[in-house]
Amino acid sequence: MPRISQLFIKTATIFLLIGVGLGLQMGIAQDHSAMPAHAHTLLLGWVTSGLFGGYYALQPAKAERRIAMAHYVVYVLGLVIMLPALYLKYTGYPQFEPLLAGGSMIVGLGVLIFAYVIFSRGDQRASA
Ligand code: HEM
Ligand code: HEM
């Protein structure tokens, strides 16, 4: 499996652990205020990152391109900023809203890079 796929899938699994942990914590505490952080940790962190990893495994030529690593770094950096800020915003710390906005924009940039990877030709210029 290409290295970028392994990175995405390992990172996705860390988000799965955190997201399921948040779900269990909400259920046990009978307090669902962390629901948006739970939902997005799992859907952006586990599901979407896992899909990215699967895509690069199916397209090894694109996995070798330098932009694939830029995609990983930008997307995961965005999540690492966005998700804690989302958790904090919904659990009583609204002052984290600007960090949430910034992190979300970075995630959006990561998604744009992925769209570029998808729609650009994959058969050229593997990074030397
Ligand atoms: C042991 C595992 C899990 C537990 C205990 C759990 C628990 C919960 C709880 C307590 C809520 C709040 C429900 C509400 O207030 O309406 C919730 C919502 C949600 N969960 Fe989970 N969850 C788990 C796994 C997952 C997984 C694996 C995913 C996605 C891959 C997921 C996606 C969602 C989503 C999208 C919502 C929001 C639903 C809505 O919009 O009403 N959960 N979960
Ligand atoms: C940077 C990307 C994203 C941003 C900024 C974003 C933003 C939001 C916002 C503002 C809400 C309403 C929260 C509330 O007040 O309850 C929401 C809800 C939701 N989003 Fe996203 N979203 C993003 C990506 C995604 C993706 C990729 C998925 C699915 C794969 C998703 C699934 C959901 C679901 C299921 C809900 C309803 C549950 C909840 O309230 O948390 N979102 N999102």
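All of the points below concern the structure found in this document. (Residues numbered from 1 in each chain as written. Chains lettered and ligands numbered in written order. Predicted model: local features only at pLDDT ≥ 70, side-chain atom pairs only at ≥ 80, totals over all residues. Heavy atoms only, no water.)

**Describing the pattern of salt bridges**
A full pass over the atoms with the stated rule returns 1 salt bridge. Among the ionic pairs, K89 bridges to E97, the shortest N-O distance being 2.9 Å. Judged by its relative accessible area of 26%, K89 is partly exposed. For E97, a relative accessible area of 37% puts it in the partly exposed group. (Salt bridge = Lys/Arg side-chain N within 4 Å of Asp/Glu carboxyl O. Buried < 20%, exposed > 50% of the residue type's maximum accessible area, 1.4 Å probe, protein only.)

**Focus on the site of ligand 1**
The environment of ligand 1 is made up of V20, G23, L24, M26, H32, M35, H38, A39, L42, L43 and V47. Between ligand 1 and the protein, one listed contact pairs an oxygen atom with a side-chain N or O atom of H32 at 2.6 Å. H38 has a polar side-chain atom sitting 2.8 Å from a nitrogen atom of ligand 1. Listed by contribution, the elements that provide at least two residues to the shell around ligand 1 are α1 (3-29) and α2 (35-58). (Near = heavy atom within 4 Å. Polar contact = N/O pair within 3.5 Å; in protein donor to acceptor, adjacent residues only side chain to side chain. Helix = DSSP H or I, 4+ residues; strand = E, 2+ residues; numbered from the N terminus.)

**Brief notes about the packing of helix α4 (residues 66-90) against helix α5 (residues 97-119)**
Angle between the axes and distance between the axes: these two values describe a pair of packed helices. The contact between α4 and α5 brings their axes to 7 Å, and the two run at 155 degrees. By the criterion of interaxial angle, the relationship of α4 to α5 is roughly antiparallel. For the pair α4 and α5, the crossing hand works out as left-handed. Here the contact of α4 with α5 is composed, by residue class, of 20 nonpolar, 5 polar and 2 charged. (Axes fitted to C-alpha atoms, helices over the stretch in contact; angles between N-to-C directions. Parallel < 35°, antiparallel > 145°, perpendicular 65-115°, else oblique. Left-handed = near helix turned anticlockwise from the far one by under 90°. Nonpolar A, V, L, I, M, F, W, Y, C, P; charged D, E, K, R; others polar.)

**As for the packing of α1 against α2**
Orientation of α1 relative to α2, taken along the N-to-C sense of each, is 160 degrees, at an axis distance of 8 Å. Classified by the angle their axes make, α1 and α2 are roughly antiparallel. Crossing angle aside, the handedness with which α1 passes α2 is left-handed. Along the lines of polarity and charge, the residues of the contact of α1 with α2 split into 17 nonpolar, 11 polar and no charged.

**Quick word on the coordination of the iron atom of ligand 1**
From the protein, the iron atom of ligand 1 takes a single donor atom, H38 (NE2), 2.0 Å away. Counting through the fold element by element, H38 comes out in helix α2. (Donors = N, O, S within 2.8 Å, 3.2 Å for Na, K, Ca; no water.)

**Some details on the coordination of the iron atom of ligand 2**
For the iron atom of ligand 2, the protein supplies a single donor, H40 (NE2), at a distance of 2.1 Å. For H40, the location among the structural elements is in helix α2.

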